[in-house]
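# Analysis of the macromolecular model
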Amino acid sequence: MVSWAEKYRPRSLDGILGNAKAVAELRAWARAWEEGRPEVKCLILYGPPGVGKTSAALALASEMDWDYIELNASDQRTAEIIKSIAGPASQVSTFSGRRRLVILDEADNLHGTYDRGGAAAILKVIKDATQPVVLIANEYYEIEKPLRDACRGVQFRSIRAQTIASLLREICRSEGIDCDPEAIMHIAEMSGGDLRSAINDLEAAARGLKRLRLEDIATSERDVKASIFKVLESIFKGESARSALEATYQLDESPEDLIHWIDENLPVVYSDRDLVKGFECLSRADIFLGRVRRRQNYTLWRYATFLMTGGVRAVSSRVRRGYTQFRPPSLWKRLGQTRKARSVRDSAARKIAAHCHVSTSYARSELLNFVGALLNSKKIGATVAASLGLNIDEIALLTGSAPSTKKVQRLFEDAQRMIEAEQIAMIDRGLKVEERKTESPEEQAAKETSKDMSQEKRQRSLFDF
Amino acid sequence: MNPTTLHAHSEGILIYRSGESVLGGVPIKEEIWIEKYRPTSLDEIVGQPEIVRRLKSYVATRNLPHLLFSGPPGVGKTAAAISIVREIFGENWRDNFIELNASDERGIDVVRTKVKDFARMAPLGGAEFKVIFLDEADALTSDAQSALRRTMERYSATCRFILSCNYSSKIIEPIQSRCAVYRFRALTPEAIEKRIRYIAEQEGVEVTEDGIEAINYVARGDMRKAINALQAAALISDKVDMNTVYQITSMARPEQIRNLIKLAISGDFAGARSELDDLLLVQGLSGQDVVVQIHREMLDLDVPDADKARMINRIGEIDFRITEGANERIQLEALIAYMALTGLSKSTAT
């Protein structure tokens, strides 16, 4: 059974909704490929999930009658694998002589141990490519700078609820489902501009129905929310440890997620000694979660679940009544908000660590401030930026100024000039080494003989001719 | 190509300096003093005379057993590893040398892939063997160490390991028994003074007597810290004295950690947690970084000694739990909540 999201994936670029500008850019680029050399060999399609980036890439291939090859995050993407698959694919066109589009999905997800070297490998693939390459990413700035520089970014935006609703109506029509306009609008608005999730929600609510009403959706949504809040209710206000634990049986959340809900609301409900004891219990539960992560022994989850529910309930002898407004975990939201800052910080720390022979964590906690102070020095700031190879975001972060400020811009540009000068120096040095070699007498002699020989050879062959 | 690797070939720069520029290129100068003054030969390593003498005998025979360097940070372990490799392999030492930091790549996969890949390739340029320098090897999980043990054995014909660690007790026995173990000691104030004076002279910086004392106090036997303190102080003034040194060290001491502790002890859990989230999520410190910094602040804290002992006991417990794979945010929250006990017991007493 094909999911609706797959079944109704657009087959042509005209079917891509709400991103006319991006589609136009894609077409222009594809035309440039057909006519010969395009300005850039690679595009980065970026934007939030579910707005049609992958669909657009696939539709482009089918519209241009190109073959395509796709690599996504579920494949392990070490440098080796990328080179072996995308490398040849991007150089050799297919037997039919058709072009082949190389699609690298989730290109902002290349860090971590497993994809080490992946970004460098992609850069190399792009530089050597004779076939069109498309990278797909959620966060443009999560992609490493050199990679961004080698490509052109094409932005995909979230899709308006009205646009989503009109597509959902069309799907209902072809599935033979009669649907209330309010129901459709509700799904469209809930999706937050994510078309794929809207289609999934529609399918979940409507598959098998003849008629879809607002109640069908509203109830299913309310149920999910009710259950987590019910569990929190019995953890913090229930009668006993047992009832707190039993409330989790109906819950569709893993202990890994549940602990963050409890963690968020513990300080809302408990205070003073209860708070201390509550966190003691929660941190014990967390130890078991850690053991499960390490050993993959899921039977240990039962201890974690009891400690975080019944255990937390038991530390307080007070019975609490009345209404508490429980909150969803702030952690996930903050993680999203701070992702860019963290990734810039990490990449700066990695560069400093490699240069100064220390671990990334040492660089992060001990050297970031120090290097910031060096960068702020008029005398050596640019040299330090150059020797570490810092990009503009990293310089901004370390000096504590915005990337757009004159100071940061100048530091970065001066550093770039120095890097170029050094690259020339490396070539220079290559020449010097050559020169030095010719000066050594044995080699001089060896060269002379070989010169004679080659002359001899040439003459003889001329003569023979 | 990465510019940092380019300019790290300092021999290249030497060759270059001996002649004139052909194309007008200029190599990037090293301005970070811990690297500018990193020893390039064993003779330059200060404060470890016995170890240096033994290491030199390896250079003389051009052979090397597996080595294990243990000792506190900043006493010359990395410098010794790099120097010995440079002296044995000469100009092209980088061809047969790889440096990995185990605390960045703690898992068994590193041993299975990176280490093994490098180990099984034949040495280049007619060298007898190649050298893998595994820094902070005590950060490797015990599984990874066991895997390493087999790798060390299997490729011992073509590959030597230099492991460095803070505590040799964290290295499993079978690995220790395969290595010659060298214990580096914290540097004496005299050894640090000698090097600091040398660098100051090269850089045209004046350092007063009490400036040296202050640097020694801050560094506590760690040369890296000492040199960083000197350079940071020299940024403020050409004359480095006690005041300039303390000025920069108070700057380096994170205000935020102190604030977090203050809020936690006063019972403002929400305030302390918001500082914690900023450290973990915005600044990207690891949980362990935060634990270490909280611990560092503990001694100077204005609370009764009994409370200090209690809190340090708990900090140690949290540190251990995080090492064992617990969630750092939840554990640190528990620590923050626990710190409030001091304030609580005070209020119940009065």
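That block above? That's the structure.
To start, this report covers the structure provided alongside it. This one's a predicted model, so the numbers in the text were calculated from it and none came from an experiment. (Residues numbered from 1 in each chain as written. Chains lettered and ligands numbered in written order. Predicted model: local features only at pLDDT ≥ 70, side-chain atom pairs only at ≥ 80, totals over all residues. Heavy atoms only, no water.)

### Brief notes about helix H17 (residues 360-375) of chain A
Residue and element names in this part refer to chain A. In plain terms, the rule: Helix and strand labels come from DSSP, where a helix needs a run of H or I of at least four residues and a strand needs a run of E of at least two; each type is numbered from the N terminus. Expected span, for any helix, means 1.5 Å times one less than how many residues it has. Each residue is assigned a bend, namely the angle between axes fitted to the seven residues that terminate at it and the seven residues that start at it. Using a 1.4 Å probe on the protein chains alone, a residue whose accessible area is under 20% of its type maximum counts as buried, one over 50% counts as exposed, and one in between counts as partly exposed.
When the terminal C-alpha atoms of H17 are compared, their 19 Å separation across 16 residues is substantially less than the 22 Å that a helix rising 1.5 Å per residue should span. Along H17, the helix axis deviates most sharply at Leu367, where the bend reaches about 60 degrees. Three or more residues of H17 are buried, namely Thr360, Tyr362, Ala363, Arg364, Leu367, Leu368, Phe370, Val371, Gly372, Leu374 and Leu375.

### Points about the layout of surface pockets
Residue and element names in this part refer to chain A. Going by this rule: Site definitions follow a grid-based scheme: protein atoms alone, a 1 Å grid, a 1.4 Å probe that fits but cannot get out for cavities, and for pockets an open set with protein on both sides within 12 Å along at least five of seven lines, plus lining residues having an atom within 4 Å of a point. Grid points are joined across faces, edges and corners, and a volume is the space filled by probe spheres set on the points. What counts as a domain boundary in this text is fixed by an automatic or database domain assignment.
The calculated volume of the second largest pocket comes to roughly 640 Å³. Taken together, 30 residues make up the lining of the second largest pocket; nearest its centre are Arg9, Gly50, Gly52, Ser55 and Arg196. Elements that contribute at least two residues to the lining of the second largest pocket include exactly helix H1 (4-7), helix H3 (53-64), strand E4 (133-137), helix H7 (161-175) and helix H9 (195-206). Looking at the lining of the second largest pocket, the element that brings in the most residues is H7, giving 5 residues. Residue contributions to the lining of the second largest pocket reach at least three from each of two domains, namely domain 1 (4-155) and domain 2 (161-220).

### Quick word on unusual backbone geometry
Negative phi values dominate among residues other than glycine, just as trans dominates among peptide bonds. Residue and element names in this part refer to chain A. Positive phi outside glycine occurs at Asp65, with the angle close to 60 degrees. Although it is not a glycine, Asp272 sits at a positive phi angle of roughly 50 degrees. Note that Asp272 resides in helix H13 (residues 272-295).

### Brief notes about the sheet that holds strand E5 (residues 152-155) of chain A
All names here are of chain A. Operational definition: When DSSP locates at least two bridges between a pair of strands, those strands are taken to pair. The axes are straight lines fitted to the C-alpha atoms, using for helices just the contacting stretch, and the angles between their N-to-C directions are given from 0 to 180°.
Spatial ordering of the open sheet is given by E2-E3-E4-E1-E5, a layout of 5 strands whose pairing is parallel. Of all strands in the sheet, those bounded by a partner on one side alone are strand E2 (67-71) and E5. Each adjacent strand pair in this sheet contributes to an overall mean axis angle of 20 degrees, direction not counted. In this sheet, E4 lies alongside strand E1 (residues 42-46) in parallel orientation, the contact comprising 5 bridges. Within E4, the residue paired with Tyr46 across the bridge is Ala137.

### Side note on the packing of helix H12 (residues 255-269) of chain A against helix H14 (residues 301-314) of chain A
All names here are of chain A. Here is the rule we go by: In this scheme, roughly parallel covers angles under 35 degrees and roughly antiparallel covers those over 145, while 65 to 115 is roughly perpendicular and the rest are oblique. By definition, any crossing whose near helix is turned counterclockwise from its far helix by less than a right angle is left-handed, and any crossing with a clockwise turn is right-handed. Residues are treated as being in contact if the distance between any of their heavy atoms lies within 4.5 Å. Residues are grouped as follows: Ala, Val, Leu, Ile, Met, Phe, Trp, Tyr, Cys and Pro are nonpolar; Asp, Glu, Lys and Arg are charged; every other residue, Gly included, is polar.
With their axes 11 Å apart at the nearest point, H12 and H14 run at an angle of 20 degrees to one another. Here H14 runs roughly parallel to H12, going by the angle between their axes. Regarding H12 and H14, the two cross each other, and that crossing is left-handed. The residues of H14 that touch H12, namely those facing Pro255, Glu256, Leu258, Ile259, Ile262 and Leu266, are Trp301, Thr305, Met308, Thr309 and Val312. Looking at the contact of H12 with H14, its residues break down into 8 nonpolar, 2 polar and 1 charged.

### Remarks on the side chain of Asp135(B)
Going by this rule: Charge assignment in this entry is limited to Lys and Arg as positive and Asp and Glu as negative, and neither His nor the chain termini are counted. One side-chain nitrogen of Lys or Arg within 4 Å of one carboxyl oxygen of Asp or Glu is enough to make a salt bridge. Polar contacts, as counted here, are pairs of nitrogen or oxygen atoms within 3.5 Å of one another; within protein the pair requires one atom able to donate a hydrogen and one able to accept it, and residues that are adjacent in sequence qualify only if both atoms are side-chain atoms.
Along the chain, Asp135(B) turns up in strand E3 (residues 130-135). The side chain of Asp135(B) is buried and forms no salt bridge, while Arg224(B), the nearest opposite charge, is found at 5.9 Å. In terms of polar contacts, Asp135(B) uses its side chain to reach the side chain of Thr78(B), at 3.3 Å. Discounting chain neighbours no more than four positions away, the residues touching Asp135(B) are His357(A), Thr78(B), Leu100(B), Asn101(B), Ala102(B), Ser103(B) and Ser164(B).

### Notes on the interface of chain A and chain B
Our working rule: Put simply, buried area is the surface a 1.4 Å probe can reach on two separate parts but cannot reach once they are joined, added for both.
Each partner contributes residues to the interface: chain A has 70 residues there, and chain B has 77 residues. Of the roughly 6300 Å² buried at the junction of chain A and chain B (both faces included), carbon and sulfur atoms supply 60%. Along the contact surface separating chain A from chain B lie 6 salt bridges. For the pair chain A and chain B, the number of links is 18 residue pairs in polar contact (both at pLDDT 80 or more). Going through the elements one at a time, H12, H13, helix H15 (330-337), helix H16 (339-356), H17, helix H18 (381-388) and helix H20 (406-439) of chain A are the ones with two or more residues in the side of chain A that touches chain B. Of all the elements, H20(A) adds the most residues to the side of chain A that touches chain B, at 15 residues. Considered class by class, the residues forming the side of chain A that touches chain B number 31 nonpolar, 17 polar and 22 charged.

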